[in-house]
Amino acid sequence: MAELNVSELRKEYRTAAESLRVLDGVNLELKSGEDVSIVGPSGCGKSTLLYILGTLDRPTAGSVRLDDVNPFELSPEQLAVFRNRNIGFVFQDHHLLPQLTVLENVLLPALAQGKPQQDTVDRARELVVAVGLEGRISHLPAQLSGGERQRVAVARALLFQPKLILADEPTGNLDFDNTQKISQLLFELPAQQGAMLVVVTHSDWVAEQAHRRMRLHQGKLQEV
Ligand code: ADP
Ligand code: MG
């Protein structure tokens, strides 16, 4: 059973002139299949928190454990593999590679490790269908709408059936119709495969879709 344990997480940014405390004792526990939304004003540290949960940045203090592994104790090589296998990211601006097709973009986490195996390609095709893009599988990102691009990003995040999906304002650039569609995929697909989901959002509507709703306030998470 997958589990995320975040304990007394702190993050300070030190510049020459000053030190900025962004996270000041964040605690969070999630179990397999659970989701949480996090809201808070711009600049309060939401992306900082997601980056640390995603092992893309290190905390100043406190711990993160995913299935009892502390990723910050791994070597850089081990950490890269751990992140690739266990964590899926969905960002506001999709981060698709413009020269790759829809299918290739979904396969990107596998392409990083060489030629993908046939079962991985099959899974990528299934995910393209699951997000409703079977008619666009050979399109390039420039040939897709904003909502379609974000659906590709959701499919890609799920390729290796990660334990943890992190979404940073995934509907930030979308109209309400696409916000609803992306949100529905995000709250359904990871849960179906037992993944945990953390969604940072400015949209009250998206936040309300989550089973647990939290606010980042003065460096701490509060139940809403
Ligand atoms: P949010 O995602 O909630 O808008 P961020 O996590 O991006 O907020 O940023 C939180 C605060 O930390 C902001 O005040 C930002 O300016 C600051 N910050 C973010 N990254 C850095 C960095 N690398 N160095 C110094 N300050 C940073
Ligand atoms: Mg942010």
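Quick caveat: nothing in here was measured; it's all calculated off a predicted structure. (Residues numbered from 1 in each chain as written. Chains lettered and ligands numbered in written order. Predicted model: local features only at pLDDT ≥ 70, side-chain atom pairs only at ≥ 80, totals over all residues. Heavy atoms only, no water.)

### Points about the overall build of the protein
How we decide: Secondary structure elements are defined from DSSP: runs of H or I of at least 4 residues count as helices, runs of E of at least 2 residues count as strands, and each element is numbered from the N terminus. Our radius of gyration looks at C-alpha atoms and nothing else; its globule reference is 2.2 Å times the residue count to the power 0.38. Buried residues are those whose accessible area, probed at 1.4 Å on protein chains only, stays under 20% of the maximum for their type, while exposed residues exceed 50% and partly exposed ones sit between those limits. Residue-level accessible areas treat just the shown protein chains as cover; the underlying method is Shrake-Rupley with a 1.4 Å probe. Counting rule for charge: Lys and Arg are taken as positive, Asp and Glu as negative, and neither His nor the chain ends is counted. Taken as the charge location is NZ of Lys, CZ of Arg, CG of Asp or CD of Glu.
Tallying secondary structure elements over the protein gives eight helices and nine strands in all. Taken over the C-alpha trace, the protein has a radius of gyration of 17 Å; the compact-globule value for 224 residues is 17 Å, and the two agree within 12%. Seen through its C-alpha atoms, the protein measures out along the principal axes to roughly 50 × 40 × 40 Å. The burial tally for the protein puts 50% of its 224 residues in the buried class. Surface accessibility of the protein: about 10,800 Å² in total, with carbon and sulfur atoms responsible for 48%. Counting 23 positive and 28 negative side-chain charges, the protein places the centres of these two groups 3 Å from one another.

### What to know about the environment of Pro141
This is how the line gets drawn: Note on contacts: a residue pair is in contact if any heavy atoms of the two residues lie within 4.5 Å.
You can see Pro141 is positioned in the loop between α5 (118–130) and α6 (146–157). Here Pro141 falls in the buried class, since its relative accessible area comes to 7%. For the pair Pro141 and Leu185, spaced 44 residues apart in sequence, the C-alpha separation works out to 19 Å. If sequence neighbours within four positions are ignored, Pro141 has contacts with Leu96, Leu97, Pro98, Leu100, Asn105 and Arg149.

### Thoughts on the sheet that holds strand β2 (residues 19–31)
Note the following rule: One bridge is not enough; two strands pair if DSSP finds at least two bridges between them. Note on geometry: axes are lines fitted to C-alpha atoms, helical ones only across the stretch in contact, with angles between N-to-C directions running from 0 to 180 degrees.
Spatially, three strands are ordered β2-β1-β4 in an open sheet, and the strand pairing comes out antiparallel. In the strand order of this sheet, the two ends are held by β2 and β4 (61–66), each with one partner. Within the sheet, the average angular offset between the axes of one strand and its neighbour, ignoring direction, is 20 degrees. Strand direction decides the pairing type here: strand β1 (residues 3–14) and β4, joined by five bridges, are antiparallel. Of the residues in β4, the one forming a bridge with Asn5 is Arg65. Sheet contacts for helix α1 (residues 46–53): β1, β2 and β4; angle to β1, the most-contacted strand, approximately 125 degrees.

### Points about the nonpolar core
What counts, and what does not: Here, the term nonpolar core denotes a set of buried Ala, Val, Leu, Ile, Met, Phe, Trp, Tyr and Cys residues that are joined through side-chain atoms within 4.5 Å.
Val90, Val106, Leu107, Val152, Val154, Leu159 and Leu186 are the most contacted members of the largest nonpolar core, which has 35 residues in total. Counting residues per element, the ones that place at least two in this core are α3 (102–106), α5, α6, β6 (164–168), α7 (176–192) and β7 (196–200).

### A closer look at the site of ligand 1
Note the following rule: One heavy atom within 4 Å of a molecule or strand makes the whole residue count as near it. Polar contact is defined as a pair of N or O atoms within 3.5 Å, subject to the rule that within protein one atom must be able to donate a hydrogen and the other to accept it, and that residues adjacent in sequence are counted only when both atoms are side-chain atoms. Polar here means any residue outside two lists: the nonpolar Ala, Val, Leu, Ile, Met, Phe, Trp, Tyr, Cys and Pro, and the charged Asp, Glu, Lys and Arg; Gly therefore counts as polar.
In the neighbourhood of ligand 1, the contacting residues comprise Tyr13, Leu20, Val22, Pro41, Ser42, Gly43, Cys44, Gly45, Lys46, Ser47 and Thr48. The separation between an oxygen atom of ligand 1 and a polar main-chain atom of Gly43 is 2.7 Å. Between Cys44 and ligand 1, the recorded distance is 3.3 Å, taken from a backbone N or O atom to an oxygen atom. Burial of ligand 1 by the surrounding chains reaches 59%, relative to a free accessible area of 570 Å². Elements with a contribution of two residues or more to the shell around ligand 1: β2 and α1. If you tally residues by element for the shell around ligand 1, the top one is α1, at three residues. For the shell around ligand 1, the class distribution of residues is five nonpolar, five polar and one charged.

### A look at α1
Taken across its eight residues, α1 has six buried, putting it largely inside the fold. Here α1 has its buried residues at Lys46, Thr48, Leu49, Leu50, Ile52 and Leu53. Thr55 sits one or two positions beyond α1 and adopts a positive phi of about 65 degrees.

### Considering the sheet that holds strand β8 (residues 212–217)
With mixed pairing, six strands are arranged side by side in an open sheet as β5-β6-β7-β3-β8-β9. With one partner strand each, in any of the chains shown, β5 (87–90) and β9 (220–223) form the two edges of the open sheet. For this sheet, the mean angle separating the axes of adjacent strands, direction not counted, is 25 degrees. As paired elements, strand β3 (residues 35–39) and β7 share four bridges and run parallel to each other. Directly across from Asp35, in β7, lies its bridge partner Leu197. Here α6 sits on the sheet and contacts β5 and β6; the angle it forms with β5, its principal contact strand, is near 170 degrees.

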